Amino acid sequence: QFDSAGDGESFAISRNMSSSGLLMATSTRLEVGAGVKVSFQLTGTDRTRILQGQIVRVDTNRADPEGIWPHMAAIQFDTDASELEDVLAELEAGER
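Bear in mind that the values here come from a model prediction, so they are computed numbers and not experimental data. (Residues numbered from 1 in each chain as written. Predicted model: local features only at pLDDT ≥ 70, side-chain atom pairs only at ≥ 80, totals over all residues. Heavy atoms only, no water.)

**Q** Would you mind going over the overall build of the protein chain with me for this structure?
**A** On a plain count of helices and strands, the protein chain comes out with 1 helix and 7 strands. In the protein chain, the succession of helices and strands from N to C terminus is β-β-β-β-β-β-β-α. The C-alpha radius of gyration computed for the protein chain amounts to 13 Å, which stays within 12% of the reference 12 Å derived for 96 residues, consistent with globular compactness. In the protein chain, which comprises 96 residues, the proportion classed as buried is 34%. Taking contacts inside the protein chain between residues at least 6 apart in sequence as the whole, the part at least 24 apart equals 52%. (Helix = DSSP H or I, 4+ residues; strand = E, 2+ residues; numbered from the N terminus. Rg over C-alpha atoms; globule rule 2.2 N^0.38 Å. Buried < 20%, exposed > 50% of the residue type's maximum accessible area, 1.4 Å probe, protein only. Contact = heavy atoms within 4.5 Å.)

See below:
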């Protein structure tokens, strides 16, 4: 779930995440430079995380250009979220 300045709350599907940012598929096209607040809960955890950032890249979602998630947006977080790296590594190790 994310909130873009002036556009209100919307939902997205994360595709790639690191401690510095997130790539997500969205139903709405966002503008480069727009501020966003992202809230999410990682699978296997019970804590909701809220991070703020900026849209740094937008593109067409080549996997779903005419579907419900036709846009891709890359977000750079305003602060380092290093704790996510550990949580993501634990989740990945549990999948093996």
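**Q** Hey, could you run me through the layout of surface pockets in this one?
**A** If a probe as big as a water molecule is rolled over the atoms, it shows which places are left empty. Counted as a void, the largest pocket has a volume near 220 Å³. Forming the walls of the largest pocket are 16 residues, and the residues nearest its centre are Ile13, Ser14, Met17, Leu22 and Phe40. Elements represented by at least two residues in the lining of the largest pocket include exactly strand S3 (12–17), strand S4 (21–26) and strand S5 (35–41). Sorting elements by how many residues they give to the lining of the largest pocket places S3 first, with 6 residues. Classifying every residue of the lining of the largest pocket gives 10 nonpolar, 5 polar and 1 charged. (1 Å grid on protein atoms, 1.4 Å probe; cavity = no way out; pocket = protein on both sides within 12 Å on 5 of 7 lines; lining within 4 Å. Points joined across faces, edges and corners; volume = space filled by probe spheres on them. Nonpolar A, V, L, I, M, F, W, Y, C, P; charged D, E, K, R; others polar.)

**Q** Mind showing me how you'd approach the pairing of S5 here?
**A** A regular strand places its side chains on the two faces of the sheet in alternate fashion. Burial along S5 is one-sided: Val36, Val38 and Phe40 are buried, and none of Gly35, Lys37, Ser39 and Gln41, which face the opposite way, are. Across 3 bridges, the pairing between strand S1 (residues 2–4) and S5 is antiparallel. Residue pairing for S5: Phe2 is matched across the bridge by Val38. Relative to strand S6 (residues 48–60), S5 runs antiparallel, the two being bridged by 7 bridges. What sits directly across from Ser39, in S6, is Ile50. (Pairing = 2+ DSSP bridges.)

**Q** How should I be thinking about the environment of Arg62 in this particular structure?
**A** Among the structural elements, Arg62 can be located in the loop between S6 and strand S7 (71–77). Its relative accessible area of 71% is what places Arg62 among the exposed residues. C-alpha separation for the pair Arg62 and Phe77, spaced 15 residues apart in sequence, amounts to 24 Å.

**Q** Please explain the side chain of Thr26 as it appears in this structure.
**A** Tracing the backbone through its elements, the reader meets Thr26 in strand S4. Reaching out from Thr26, the side chain makes a polar contact with the backbone oxygen of Thr28 at a distance of 2.6 Å. Excluding anything up to four places from it in sequence, Thr26 contacts Phe2, Ala12, Ile68, Trp69, Pro70 and His71. (Polar contact = N/O pair within 3.5 Å; in protein donor to acceptor, adjacent residues only side chain to side chain.)

**Q** I would appreciate a short explanation of the side chain of Ser10 in the present structure.
**A** Assignment of secondary structure puts Ser10 in strand S2 (residues 8–10). Residue classification places Ser10 among the buried positions, given a relative accessible area of 15%. Contact partners of Ser10, with chain neighbours within four places excluded, come to Gln1, Phe2, Ser27 and Thr28.

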